[in-house]
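# Structural overview
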Amino acid sequence: MRWVVALVFLAVFSGSVPASAAPAAPEPLCTVKDPRIDELSGLVSDGAKLYAINDGGSKVQVFVLGRDCKVQKVLTDKTDPFDVEDLARTPDGRLWLSDTGDNKMGRLTVALLEMSPEGKVTLHRLTYPDGQHDTEALIMDKAGTPYLITKDILGEAGVYRPSGPLASPGPTNLEKVGTVKIATTDTQGGPVGSIGSVLVTGGASTADGSVIALRTYTDAYLYAAPDGDVPAALQRTPVRIPLPGEKQGEAIAFDPDGTLLSGSEGVGQPLRAVRGAAASAAQSGAPAKGTTSTATGASAGSAEDGSGLPILPAAGITVAVVGLGWFGFSRLRRRTRR
(Lines give C-alpha, C1' and ligand atoms only; values in the text may rest on other atoms or scores of the structure.)
Protein backbone atom coordinates (compact mmCIF):
# COMPACT_ATOMS: atom_id res chain seq x y z
CA MET A 1 0.00 0.00 0.00
CA ARG A 2 1.02 3.65 -0.42
CA TRP A 3 2.95 5.54 2.18
CA VAL A 4 0.83 8.08 4.00
CA VAL A 5 3.40 10.46 5.44
CA ALA A 6 2.64 12.77 8.34
CA LEU A 7 4.58 14.89 10.79
CA VAL A 8 3.30 14.17 14.24
CA PHE A 9 4.28 15.88 17.48
CA LEU A 10 4.43 13.12 20.09
CA ALA A 11 4.69 13.50 23.82
CA VAL A 12 5.70 10.04 24.96
CA PHE A 13 7.17 8.54 28.10
CA SER A 14 10.92 8.10 27.80
CA GLY A 15 11.23 5.70 30.71
CA SER A 16 10.52 2.03 30.25
CA VAL A 17 7.88 0.30 32.33
CA PRO A 18 9.31 -2.50 34.47
CA ALA A 19 8.15 -5.98 33.60
CA SER A 20 6.64 -8.34 36.10
CA ALA A 21 9.09 -10.98 37.23
CA ALA A 22 6.39 -13.58 37.88
CA PRO A 23 5.65 -15.03 34.41
CA ALA A 24 8.23 -17.17 32.67
CA ALA A 25 10.07 -15.93 29.60
CA PRO A 26 8.66 -16.79 26.15
CA GLU A 27 9.72 -20.22 24.92
CA PRO A 28 9.48 -21.54 21.34
CA LEU A 29 6.46 -23.78 20.78
CA CYS A 30 6.82 -24.48 17.06
CA THR A 31 7.65 -22.67 13.83
CA VAL A 32 5.11 -21.60 11.21
CA LYS A 33 6.68 -22.75 7.94
CA ASP A 34 3.62 -22.98 5.69
CA PRO A 35 4.01 -20.28 2.98
CA ARG A 36 0.26 -19.68 3.02
CA ILE A 37 0.56 -18.17 6.51
CA ASP A 38 2.84 -15.29 5.66
CA GLU A 39 1.06 -12.49 7.56
CA LEU A 40 -0.06 -14.13 10.80
CA SER A 41 -2.28 -11.63 12.56
CA GLY A 42 -4.85 -13.51 14.65
CA LEU A 43 -4.54 -16.69 16.73
CA VAL A 44 -6.72 -18.74 19.07
CA SER A 45 -6.28 -22.12 20.77
CA ASP A 46 -8.62 -24.83 21.97
CA GLY A 47 -5.73 -26.75 23.54
CA ALA A 48 -5.50 -29.45 20.90
CA LYS A 49 -5.55 -27.21 17.83
CA LEU A 50 -4.56 -23.69 16.89
CA TYR A 51 -6.59 -21.44 14.58
CA ALA A 52 -4.77 -18.75 12.63
CA ILE A 53 -5.59 -15.99 10.16
CA ASN A 54 -3.56 -13.78 7.88
CA ASP A 55 -3.66 -10.01 7.88
CA GLY A 56 -5.86 -8.55 5.11
CA GLY A 57 -7.01 -10.98 2.45
CA SER A 58 -9.72 -11.14 -0.21
CA LYS A 59 -11.50 -14.21 1.15
CA VAL A 60 -12.17 -15.80 4.50
CA GLN A 61 -9.46 -18.31 5.43
CA VAL A 62 -8.90 -19.82 8.87
CA PHE A 63 -5.95 -22.19 9.09
CA VAL A 64 -6.29 -25.05 11.56
CA LEU A 65 -2.88 -26.06 12.92
CA GLY A 66 -1.60 -28.86 15.08
CA ARG A 67 0.65 -28.14 18.04
CA ASP A 68 3.54 -28.60 15.64
CA CYS A 69 2.39 -25.57 13.60
CA LYS A 70 1.56 -27.75 10.59
CA VAL A 71 -1.67 -26.92 8.74
CA GLN A 72 -4.24 -29.69 9.12
CA LYS A 73 -7.06 -28.02 7.17
CA VAL A 74 -8.32 -24.64 6.02
CA LEU A 75 -11.79 -23.27 6.77
CA THR A 76 -12.96 -21.04 3.91
CA ASP A 77 -15.94 -18.97 2.86
CA LYS A 78 -16.75 -16.89 -0.21
CA THR A 79 -17.25 -13.71 1.87
CA ASP A 80 -14.84 -11.02 0.69
CA PRO A 81 -13.35 -9.19 3.70
CA PHE A 82 -11.64 -5.81 3.54
CA ASP A 83 -8.87 -6.11 6.13
CA VAL A 84 -9.07 -8.91 8.70
CA GLU A 85 -6.83 -8.26 11.70
CA ASP A 86 -7.71 -10.46 14.69
CA LEU A 87 -9.43 -13.69 15.67
CA ALA A 88 -11.44 -14.81 18.71
CA ARG A 89 -13.28 -17.97 19.71
CA THR A 90 -16.33 -18.34 21.94
CA PRO A 91 -16.98 -21.44 24.11
CA ASP A 92 -19.59 -22.73 21.63
CA GLY A 93 -16.85 -23.14 19.02
CA ARG A 94 -17.70 -20.12 16.90
CA LEU A 95 -14.80 -18.19 15.43
CA TRP A 96 -14.96 -14.41 15.14
CA LEU A 97 -12.83 -12.63 12.53
CA SER A 98 -12.28 -8.94 13.15
CA ASP A 99 -12.49 -7.24 9.75
CA THR A 100 -11.59 -3.90 11.28
CA GLY A 101 -8.31 -2.76 9.74
CA ASP A 102 -8.44 0.75 8.27
CA ASN A 103 -4.95 2.12 7.65
CA LYS A 104 -6.24 5.02 5.54
CA MET A 105 -9.07 5.86 7.96
CA GLY A 106 -11.60 5.73 5.14
CA ARG A 107 -14.06 2.94 5.94
CA LEU A 108 -17.68 3.90 6.61
CA THR A 109 -18.23 0.56 8.34
CA VAL A 110 -16.09 -2.22 9.77
CA ALA A 111 -17.25 -5.78 10.39
CA LEU A 112 -17.16 -8.93 12.45
CA LEU A 113 -17.34 -12.22 10.57
CA GLU A 114 -18.96 -14.95 12.65
CA MET A 115 -17.97 -18.45 11.55
CA SER A 116 -19.99 -21.38 12.89
CA PRO A 117 -18.32 -24.71 13.72
CA GLU A 118 -19.72 -25.93 10.39
CA GLY A 119 -17.95 -23.14 8.54
CA LYS A 120 -20.92 -20.87 7.74
CA VAL A 121 -20.08 -17.16 7.91
CA THR A 122 -22.47 -14.43 9.07
CA LEU A 123 -21.57 -10.79 8.42
CA HIS A 124 -22.09 -8.15 11.12
CA ARG A 125 -21.29 -4.59 10.02
CA LEU A 126 -20.42 -1.99 12.67
CA THR A 127 -20.12 1.80 12.79
CA TYR A 128 -18.07 3.94 15.18
CA PRO A 129 -19.75 6.88 16.94
CA ASP A 130 -16.80 9.23 16.42
CA GLY A 131 -15.25 8.67 13.01
CA GLN A 132 -12.88 6.12 11.53
CA HIS A 133 -10.33 4.07 13.45
CA ASP A 134 -7.70 1.49 12.57
CA THR A 135 -8.36 -1.48 14.84
CA GLU A 136 -6.32 -4.67 15.15
CA ALA A 137 -7.48 -6.10 18.49
CA LEU A 138 -10.66 -8.04 19.31
CA ILE A 139 -11.66 -9.36 22.72
CA MET A 140 -14.77 -11.48 23.32
CA ASP A 141 -15.99 -11.45 26.90
CA LYS A 142 -17.45 -14.56 28.54
CA ALA A 143 -20.99 -13.45 27.62
CA GLY A 144 -20.03 -13.23 23.94
CA THR A 145 -19.87 -9.44 23.72
CA PRO A 146 -17.14 -8.22 21.33
CA TYR A 147 -14.80 -5.38 22.24
CA LEU A 148 -12.67 -3.56 19.68
CA ILE A 149 -9.47 -1.84 20.84
CA THR A 150 -8.02 0.70 18.42
CA LYS A 151 -4.43 1.08 17.24
CA ASP A 152 -3.44 4.62 18.21
CA ILE A 153 -0.11 6.25 17.43
CA LEU A 154 -0.21 8.27 20.66
CA GLY A 155 -0.61 5.15 22.79
CA GLU A 156 -4.17 5.90 23.93
CA ALA A 157 -6.37 3.19 22.45
CA GLY A 158 -10.14 3.49 22.38
CA VAL A 159 -12.33 0.64 23.63
CA TYR A 160 -15.62 0.05 21.78
CA ARG A 161 -18.48 -2.44 21.94
CA PRO A 162 -21.84 -2.80 20.15
CA SER A 163 -24.57 -0.64 21.66
CA GLY A 164 -27.06 -3.48 21.20
CA PRO A 165 -27.43 -6.98 19.73
CA LEU A 166 -25.43 -7.61 16.57
CA ALA A 167 -27.48 -7.27 13.39
CA SER A 168 -26.81 -9.07 10.13
CA PRO A 169 -25.68 -7.53 7.92
CA GLY A 170 -26.26 -4.41 10.02
CA PRO A 171 -24.75 -1.97 10.67
CA THR A 172 -24.89 -2.00 14.45
CA ASN A 173 -23.71 1.14 16.22
CA LEU A 174 -20.65 0.91 18.46
CA GLU A 175 -20.27 2.84 21.70
CA LYS A 176 -17.04 3.96 23.32
CA VAL A 177 -16.67 2.51 26.81
CA GLY A 178 -13.13 3.51 27.76
CA THR A 179 -9.52 4.06 26.79
CA VAL A 180 -6.28 2.24 27.48
CA LYS A 181 -3.08 4.27 27.71
CA ILE A 182 0.17 2.44 27.01
CA ALA A 183 3.62 3.88 27.67
CA THR A 184 6.69 3.20 25.57
CA THR A 185 9.04 0.40 26.60
CA ASP A 186 12.58 -0.56 25.67
CA THR A 187 11.62 -4.06 24.52
CA GLN A 188 13.36 -4.77 21.21
CA GLY A 189 11.37 -5.84 18.17
CA GLY A 190 8.70 -4.79 15.75
CA PRO A 191 8.98 -2.91 12.46
CA VAL A 192 8.88 0.72 13.64
CA GLY A 193 11.14 1.04 16.68
CA SER A 194 9.96 2.31 20.04
CA ILE A 195 6.70 3.70 18.64
CA GLY A 196 5.65 0.09 18.05
CA SER A 197 5.64 -0.48 21.79
CA VAL A 198 2.50 1.67 22.20
CA LEU A 199 0.49 0.35 19.24
CA VAL A 200 -2.14 -2.28 20.09
CA THR A 201 -1.88 -5.06 17.50
CA GLY A 202 -3.90 -7.90 19.04
CA GLY A 203 -6.15 -9.04 21.87
CA ALA A 204 -7.16 -12.25 23.61
CA SER A 205 -9.14 -13.64 26.52
CA THR A 206 -8.84 -16.79 28.60
CA ALA A 207 -11.55 -19.40 28.09
CA ASP A 208 -13.34 -18.37 31.30
CA GLY A 209 -12.88 -14.65 30.67
CA SER A 210 -10.96 -14.13 33.91
CA VAL A 211 -7.87 -12.63 32.22
CA ILE A 212 -7.70 -10.53 29.08
CA ALA A 213 -4.63 -9.56 27.11
CA LEU A 214 -3.61 -6.79 24.75
CA ARG A 215 -0.38 -6.81 22.85
CA THR A 216 1.79 -4.31 21.03
CA TYR A 217 4.55 -5.13 18.57
CA THR A 218 6.85 -5.71 21.54
CA ASP A 219 4.93 -6.49 24.74
CA ALA A 220 1.84 -8.18 26.14
CA TYR A 221 -0.35 -6.64 28.86
CA LEU A 222 -2.47 -8.97 30.97
CA TYR A 223 -5.44 -7.65 32.95
CA ALA A 224 -7.29 -9.51 35.69
CA ALA A 225 -11.03 -9.71 34.99
CA PRO A 226 -12.40 -11.83 37.86
CA ASP A 227 -16.00 -10.97 37.02
CA GLY A 228 -15.47 -11.01 33.24
CA ASP A 229 -16.06 -7.25 32.96
CA VAL A 230 -13.73 -6.04 30.18
CA PRO A 231 -14.04 -2.24 30.72
CA ALA A 232 -13.47 -2.71 34.46
CA ALA A 233 -10.48 -4.99 33.82
CA LEU A 234 -8.85 -2.38 31.60
CA GLN A 235 -8.90 0.05 34.54
CA ARG A 236 -6.66 -2.33 36.48
CA THR A 237 -2.88 -2.26 36.54
CA PRO A 238 -1.75 -4.96 34.09
CA VAL A 239 1.13 -7.38 34.21
CA ARG A 240 3.50 -6.61 31.36
CA ILE A 241 5.24 -9.49 29.59
CA PRO A 242 7.99 -8.49 27.15
CA LEU A 243 7.91 -10.35 23.84
CA PRO A 244 11.30 -9.35 22.45
CA GLY A 245 12.58 -10.11 19.00
CA GLU A 246 9.29 -10.57 17.15
CA LYS A 247 9.63 -9.26 13.61
CA GLN A 248 6.07 -7.95 13.44
CA GLY A 249 4.20 -9.32 16.42
CA GLU A 250 0.44 -9.17 16.01
CA ALA A 251 -0.91 -12.55 17.12
CA ILE A 252 -1.75 -13.40 20.73
CA ALA A 253 -3.86 -16.12 22.35
CA PHE A 254 -4.36 -18.18 25.49
CA ASP A 255 -4.27 -21.95 25.79
CA PRO A 256 -7.04 -23.33 28.02
CA ASP A 257 -4.49 -23.78 30.83
CA GLY A 258 -3.62 -20.08 30.77
CA THR A 259 -0.40 -20.30 28.77
CA LEU A 260 0.05 -17.17 26.67
CA LEU A 261 0.87 -17.71 22.99
CA SER A 262 2.34 -15.11 20.66
CA GLY A 263 3.41 -14.98 17.03
CA SER A 264 4.68 -12.72 14.28
CA GLU A 265 4.09 -12.13 10.60
CA GLY A 266 6.53 -13.81 8.24
CA VAL A 267 7.08 -17.39 7.08
CA GLY A 268 9.50 -19.24 9.35
CA GLN A 269 8.62 -17.25 12.48
CA PRO A 270 8.08 -19.16 15.75
CA LEU A 271 5.01 -19.32 17.92
CA ARG A 272 6.12 -18.78 21.52
CA ALA A 273 4.56 -19.75 24.83
CA VAL A 274 4.66 -18.07 28.24
CA ARG A 275 3.75 -20.64 30.89
CA GLY A 276 1.68 -19.51 33.85
CA ALA A 277 0.91 -16.12 32.33
CA ALA A 278 -2.82 -16.04 33.12
CA ALA A 279 -2.31 -17.27 36.67
CA SER A 280 0.26 -14.57 37.27
CA ALA A 281 -2.09 -11.87 35.99
CA ALA A 282 -5.02 -13.16 38.01
CA GLN A 283 -2.93 -13.06 41.19
CA SER A 284 -1.16 -9.77 40.51
CA GLY A 285 -3.88 -7.67 38.93
CA ALA A 286 -4.90 -4.80 41.20
CA PRO A 287 -7.31 -1.93 40.62
CA ALA A 288 -5.62 1.12 39.13
CA LYS A 289 -5.63 4.29 41.20
CA GLY A 290 -8.25 6.88 40.36
CA THR A 291 -11.73 6.41 38.97
CA THR A 292 -11.31 7.22 35.29
CA SER A 293 -11.97 4.74 32.51
CA THR A 294 -8.37 4.95 31.33
CA ALA A 295 -5.98 2.09 32.10
CA THR A 296 -2.25 2.56 31.84
CA GLY A 297 0.27 0.26 30.28
CA ALA A 298 2.16 -0.20 33.54
CA SER A 299 2.99 -3.59 34.95
CA ALA A 300 1.97 -4.73 38.40
CA GLY A 301 4.25 -3.31 41.04
CA SER A 302 5.36 -0.22 39.12
CA ALA A 303 5.36 3.13 40.88
CA GLU A 304 2.45 5.44 40.09
CA ASP A 305 1.44 9.00 40.72
CA GLY A 306 -2.01 10.06 41.88
CA SER A 307 -3.49 9.85 38.38
CA GLY A 308 -2.69 6.17 38.02
CA LEU A 309 0.08 6.85 35.47
CA PRO A 310 3.55 5.37 35.99
CA ILE A 311 6.09 7.73 37.56
CA LEU A 312 8.82 8.43 35.04
CA PRO A 313 12.53 8.17 35.74
CA ALA A 314 14.68 11.31 35.71
CA ALA A 315 14.76 11.46 31.93
CA GLY A 316 11.17 12.70 32.05
CA ILE A 317 9.09 13.20 28.92
CA THR A 318 10.53 13.40 25.42
CA VAL A 319 8.84 15.29 22.63
CA ALA A 320 9.56 14.03 19.13
CA VAL A 321 8.62 15.10 15.65
CA VAL A 322 8.11 11.91 13.69
CA GLY A 323 7.63 11.43 9.97
CA LEU A 324 6.16 8.03 9.30
CA GLY A 325 3.77 6.03 7.22
CA TRP A 326 0.51 5.12 8.97
CA PHE A 327 1.15 1.39 9.17
CA GLY A 328 -0.47 0.73 5.83
CA PHE A 329 2.72 1.11 3.87
CA SER A 330 3.72 -1.51 1.38
CA ARG A 331 6.75 -2.95 3.12
CA LEU A 332 4.54 -4.03 6.03
CA ARG A 333 1.25 -4.71 4.21
CA ARG A 334 0.72 -6.65 1.04
CA ARG A 335 -3.06 -6.68 1.11
CA THR A 336 -5.44 -7.00 -1.77
CA ARG A 337 -8.17 -4.36 -1.65
CA ARG A 338 -11.64 -4.47 -3.13
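For the structure, check the block above.
Residues numbered from 1 in each chain as written. Predicted model: local features only at pLDDT ≥ 70, side-chain atom pairs only at ≥ 80, totals over all residues. Heavy atoms only, no water.

Quick look at the overall build of the chain now. A count of helical and extended segments in the chain gives 2 helices and 25 strands. Of all 338 residues assigned to the chain, the portion counted as buried reaches 56%. With an accessible surface of roughly 13,200 Å², the chain has 53% of that area assigned to carbon and sulfur atoms. (Helix = DSSP H or I, 4+ residues; strand = E, 2+ residues; numbered from the N terminus. Buried < 20%, exposed > 50% of the residue type's maximum accessible area, 1.4 Å probe, protein only. Areas by Shrake-Rupley, 256 points an atom, 1.4 Å probe, with all protein chains shown as cover.)

Take the environment of proline 231 next. As for its placement among the helices and strands, proline 231 is situated in helix 1 (residues 230-233). The spatial distance from the C-alpha of proline 231 to the C-alpha of valine 159 is 7.8 Å, given a sequence separation of 72 residues. Ignoring any residue separated from it by four or fewer positions in sequence, one finds proline 231 in contact with Tyr147, Arg161 and Val177. (Contact = heavy atoms within 4.5 Å.)

Let's shift gears to the state of the cysteines. Here the structure, examined in full by the defined rule, presents 1 disulfide. Bridging cysteine 30 to cysteine 69, the disulfide has an S-S length of 1.9 Å. Between cysteine 30 and cysteine 69, the S-S dihedral sits near 60°, and the bridge is therefore right-handed. Here cysteine 30 is found in strand 2 (residues 27-32), whereas its partner cysteine 69 is found in the loop between strand 5 (60-65) and strand 6 (71-77), with 39 residues between them in sequence. Each member of the pair cysteine 30 and cysteine 69 is classed as buried. (Disulfide = S-S within 2.5 Å.)

Moving on: the side chain of serine 98. By the element assignment, serine 98 lies in strand 8 (residues 95-99). At 2.8 Å, the side chain of serine 98 and the side chain of threonine 100 are in polar contact. Beyond its immediate chain neighbours, meaning those up to four positions away, serine 98 contacts Asp83, Val84, Glu85, Asp86, Ala111, Leu112, Leu138 and Leu148. (Polar contact = N/O pair within 3.5 Å; in protein donor to acceptor, adjacent residues only side chain to side chain.)

This part takes up the environment of leucine 271. By secondary structure assignment, the location of leucine 271 is in strand 22 (residues 269-274). With sequence-adjacent residues up to four places away left out, leucine 271 is seen in contact with Glu27, Pro28, Leu29, Cys30, Val32, Leu40, Leu43, Leu50, Cys69, Ser262 and Gly263.

Another point: the sheet that holds strand 6. Read from one edge of the open sheet, 4 strands run 3-4-5-6, paired in antiparallel fashion. One side of each edge strand has no neighbouring strand; the edge strands of this open sheet are strand 3 (40-45) and strand 6. Taken pair by pair, the neighbouring strands of this sheet meet at an average axis angle of 25°, ignoring direction. Pairing analysis gives 6 bridges linking strand 5 to strand 6, with the strands arranged antiparallel. Following the sheet pairing, leucine 65 is matched in strand 6 by valine 71. (Pairing = 2+ DSSP bridges. Axes fitted to C-alpha atoms, helices over the stretch in contact; angles between N-to-C directions.)

Of the voids in this model, the largest pocket is the one considered here, and its volume is about 380 Å³. For the lining of the largest pocket, the elements supplying multiple residues, two or more each, are strand 3, strand 7 (86-89), strand 11 (135-140), strand 15 (202-205) and strand 20 (249-254). Partitioning the lining of the largest pocket into residue classes produces 14 nonpolar, 6 polar and 5 charged. (1 Å grid on protein atoms, 1.4 Å probe; cavity = no way out; pocket = protein on both sides within 12 Å on 5 of 7 lines; lining within 4 Å. Points joined across faces, edges and corners; volume = space filled by probe spheres on them. Nonpolar A, V, L, I, M, F, W, Y, C, P; charged D, E, K, R; others polar.)

This part covers the nonpolar core. Ranked by size, the top nonpolar core spans 18 residues in total, and within it Ile149, Leu214, Tyr223 and Leu234 carry the most contacts. Elements that contribute at least two residues to this core include exactly strand 11, strand 12 (146-150), strand 13 (156-162), strand 14 (172-181), strand 16 (211-215), strand 17 (219-224) and helix 1. With sequence-adjacent residues up to four places away left out, leucine 214 is seen in contact with Ile139, Ile149, Val180, Val200, Gly202, Gly203, Asp219, Ala220, Tyr221, Tyr223, Leu234 and Ile252. (Core = buried A, V, L, I, M, F, W, Y, C linked by side-chain atoms within 4.5 Å.)

With antiparallel pairing, 4 strands are arranged side by side in an open sheet as 15-16-17-19. On the outer flanks of this sheet lie strand 15 and strand 19 (239-242), each paired with one strand and no other. Pairs of neighbouring strands in the sheet enclose a mean axial angle of 20°, with direction left out of account. Where strand 16 and strand 17 come together, 5 bridges link them in antiparallel fashion. Note on strand 17: the bridge partner recorded for valine 211 is alanine 224. Contacts from helix 2 (residues 277-284) reach strand 16, strand 17 and strand 19 within the one sheet, and its direction differs from that of strand 17 by about 50°.

Another aspect to go through is unusual backbone geometry. One can expect most non-glycine residues to show negative phi and most peptide bonds to be in trans. Between serine 168 and the following residue, proline 169, the backbone shows a cis peptide bond with an omega angle of 5°. Positive phi is not limited to glycine here, since cysteine 69 has a value of about 70°. The exposure class of cysteine 69 is buried, given its relative accessible area of 3%. One non-glycine residue with positive phi stands out, namely methionine 105, at about 55°.

The next subject is the environment of valine 60. Mapping valine 60 onto the fold places it in strand 5. Among the residues examined, valine 60 registers a relative accessible area of 1% and is labelled buried. Sequence separation between valine 60 and threonine 79 is 19 residues; the distance between their C-alpha atoms is 6.1 Å. Excluding its chain neighbours within four sequence positions, the residues that come into contact with valine 60 are Leu75, Thr76, Asp77, Thr79, Pro81, Leu97, Leu113, Met115 and Val121.

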